[in-house]
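Structural overview
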Amino acid sequence: MIHFELNALVRSNILKMEKYASARDEFSGKATVFLDANENSIGSMSSRNLNRYPDPLQKQLRSAIAEEKNIRNAGQIFLGNGSDEAIDLFVRVFCEPRIDRIMLLPPTYGMYRVCAAINDVAVTEVPLKEDFMPDTEKILKAAEKTKPKIIFFCSPNNPSANLMDPAAVEAVLHGSNAIVIVDEAYVDFSGAPSWTRRLDEFPNLVVLQTFSKAWGMAGVRLGMAFASAEIISLLNKIKYPYNISDVTAEAVLKSLKRREEKEIMVRRIVEERNQLMKKISGLSIVEKLLPSDANFFMVRFANPEAVYARLRDNGVIVRNRSGLLNCRGYLRITVGTPEENDILYKALEAYAKEQS
Ligand SMILES: *Cc1c(COP(=O)(O)O)cnc(C)c1O
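The rules behind the values
- Residues numbered from 1 in each chain as written.
- Predicted model: local features only at pLDDT ≥ 70, side-chain atom pairs only at ≥ 80, totals over all residues.
- Heavy atoms only, no water.
- Helix = DSSP H or I, 4+ residues; strand = E, 2+ residues; numbered from the N terminus.
- Rg over C-alpha atoms; globule rule 2.2 N^0.38 Å.
- Buried < 20%, exposed > 50% of the residue type's maximum accessible area, 1.4 Å probe, protein only.
- Lys, Arg positive; Asp, Glu negative; His and termini not counted.
- Charge placed at Lys NZ, Arg CZ, Asp CG, Glu CD.
- Core = buried A, V, L, I, M, F, W, Y, C linked by side-chain atoms within 4.5 Å.
- Axes fitted to C-alpha atoms, helices over the stretch in contact; angles between N-to-C directions.
- Parallel < 35°, antiparallel > 145°, perpendicular 65-115°, else oblique.
- Left-handed = near helix turned anticlockwise from the far one by under 90°.
- Contact = heavy atoms within 4.5 Å.
- Nonpolar A, V, L, I, M, F, W, Y, C, P; charged D, E, K, R; others polar.
- Near = heavy atom within 4 Å.
- Polar contact = N/O pair within 3.5 Å; in protein donor to acceptor, adjacent residues only side chain to side chain.
- Pairing = 2+ DSSP bridges.
- Phe/Tyr/Trp six-rings, centres within 6.5 Å; stacked < 30°, edge-to-face > 60°.

What follows deals with the overall build of the protein. In terms of helices and strands, the protein carries 13 helices and eleven strands. On C-alpha atoms alone, the protein measures out to a radius of gyration of 22 Å, which is about the 21 Å that the 2.2 N^0.38 rule sets for 356 residues. For the protein, the spread of C-alpha atoms along the principal axes amounts to about 75 × 55 × 35 Å. Counting every position in the protein, which comprises 356 residues, the buried fraction comes to 49%. Averaging the locations of the 47 positively and 45 negatively charged side chains of the protein gives two centres separated by 2 Å.

Below, the structure written as structure tokens:
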């Protein structure tokens, strides 16, 4: 591994600044009368008791997540308002606007670029290869030349749906002194082990996960970042003090007690995906189907706009990804319920018949 020095990567103003100390940071012991945070002591207009500010560091929720994810130290977990909050905070902790840059491997998730743009941070792009796998040599060369502060891997990748070759990720973790973020939003659908089990080996590794996909909780907004306690404390230093609501924490704590049901749901989605892809692959209008490790897949048509319009006319909305790098002709389809997948398939089948 190339010499890695965390503080050399952090923006100097972030290193220097004092963290905002909220009322609940300054006192967290036992007391009976809380007159320190200007809350409404009399009650709440909500049907639940939400008149108090939530725990700024989410102790209970983080320890439950540490157990679920086999993380030794809850200090290695950051919780955000979706993993999108973590992505934004990483850019802001490490990248000096107009000076520093990040590296992306397109086609990939759009938020990395958006967060860079908001913060006036430049982007080095190293396209995935034709098989949508990372090009290790080119990544390392470009990293040496352009010195990105952060390199983003998305595995399984959105939109191409494939897991990134672990040997490539490992080579970049070893061969670069940047922060390497592996976004595992879809890892539960892949059957692959999480990179969280390698956290102790790589001081520059960050893993992102979310409750939005496999857990079926996109509406509660909870994302996770796993990294060294040193990296996590930097995020906690600059996050909004009360970024996770009690409503969110409560819903997630409940869901963690029903983890077997989540596993069953994931298996159902994967089975449904495999069946749907098999059926769709038989249609004459389908040029190519990319293999999937996620709860969505990419399918290529000669005329994706026409297929999109036909599906829309049948009330089915998919994502047209044809404009992305190396994605010409591709629609991205999320796996639905058996009934929804049937509606989708029948609409495609009818369209194919007309075309032949
Ligand atoms: C859906 C998705 C996320 C999740 O974002 P949240 O803010 O946690 O809902 C993160 N990364 C990728 C690649 C995604 O597709």
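Now that the structure is up, let's keep going.
This paragraph deals with the nonpolar core. Leu61, Ile65, Phe153, Phe211 and Leu222 are the most contacted members of the largest nonpolar core, which totals 44 residues. With four residues, the top contributor of residues to this core is helix H10 (residues 246–256). Within the second largest apolar cluster, 34 residues are counted, among which are Leu9, Ile14, Ala86 and Leu234.

Viewed as axis vectors pointing N to C, helix H12 (residues 304–313) and helix H13 (residues 338–355) meet at an angle of 130 degrees, and their least axial separation amounts to 10 Å. Taken together, the axis directions place H12 and H13 in an arrangement best described as oblique. The two elements H12 and H13 cross, and the hand of that crossing is right-handed. Seen from H12, the contacting residues are Ala306, Val307, Arg310 and Leu311; seen from H13, they are Leu344, Ala347, Leu348, Ala350, Tyr351 and Glu354. Residue composition of the contact of H12 with H13, by class: eight nonpolar, no polar and two charged.

Glancing now at the site of the ligand. Taken together, 13 residues form the shell around the ligand, and within it Asp183, Tyr186, Thr210, Ser212 and Lys213 come nearest. For the ligand, an oxygen atom lies 3.2 Å from a polar atom in the backbone of Asp84. In this structure, Asp183 approaches the ligand through a side-chain N or O atom, which is 2.7 Å from a nitrogen atom.

On to the sheet that holds strand S3 (residues 122–125), then. Pairing within the open sheet is mixed, and its seven strands lie in the order S1-S7-S6-S5-S4-S2-S3. Two strands close off the open sheet at either side, each with one partner strand: strand S1 (77–80) and S3. Going from strand to strand, the sheet's axes swing by 25 degrees on average, the running direction of each strand aside. In terms of strand pairing, strand S4 (residues 150–154) meets strand S5 (residues 179–183) through five bridges, oriented parallel. Looking across to S5, one finds that Ile151 is bridged to Val180. Each of strand S2 (101–104), S3 and S4 touches helix H7 (residues 136–146); the most contacted strand, S2, lies at about 170 degrees to it. Taken strand by strand, helix H8 (residues 166–175) contacts S4, S5 and strand S6 (205–210), and its axis lies near 170 degrees from that of S4.

Of the two faces of strand S7 (residues 223–226), the one lined by Gly223 and Ala225 and the one lined by Met224 and Phe226 are each fully buried. One ladder, built from four bridges, connects S1 with S7; its direction is antiparallel. Looking across to S7, one finds that Phe78 is bridged to Ala225. Direction of pairing for S6 relative to S7: antiparallel, over a ladder of four bridges.

Two descriptors summarise a pair of aromatic rings, namely the distance from one centre to the other and the angle between the planes of the rings. With the rule as written, the count across this model stands at six aromatic pairs. Ring centres of Tyr112 and Phe152 lie 4.4 Å apart, and the angle between their planes is 15 degrees; on these two criteria the pair is classed as stacked. Of this pair, Tyr112 sits in helix H6 (residues 110–118) while Phe152 sits in strand S4; the two residues are 40 residues apart in sequence, bridging distant segments of the chain. The residues Tyr112 and Phe152 share a single accessibility class, namely buried. Both rings, one in Tyr186 and one in Phe296, keep their centres 4.9 Å apart while their planes meet at 75 degrees; by these two values the pair is edge-to-face. Here Tyr186 is found in the loop between S5 and S6, whereas its partner Phe296 is found in strand S9 (residues 296–301), with 110 residues between them in sequence. Accessibility classification places Tyr186 together with Phe296 in one group, the buried group.

Worth remembering: the numbers are spatial, not functional.
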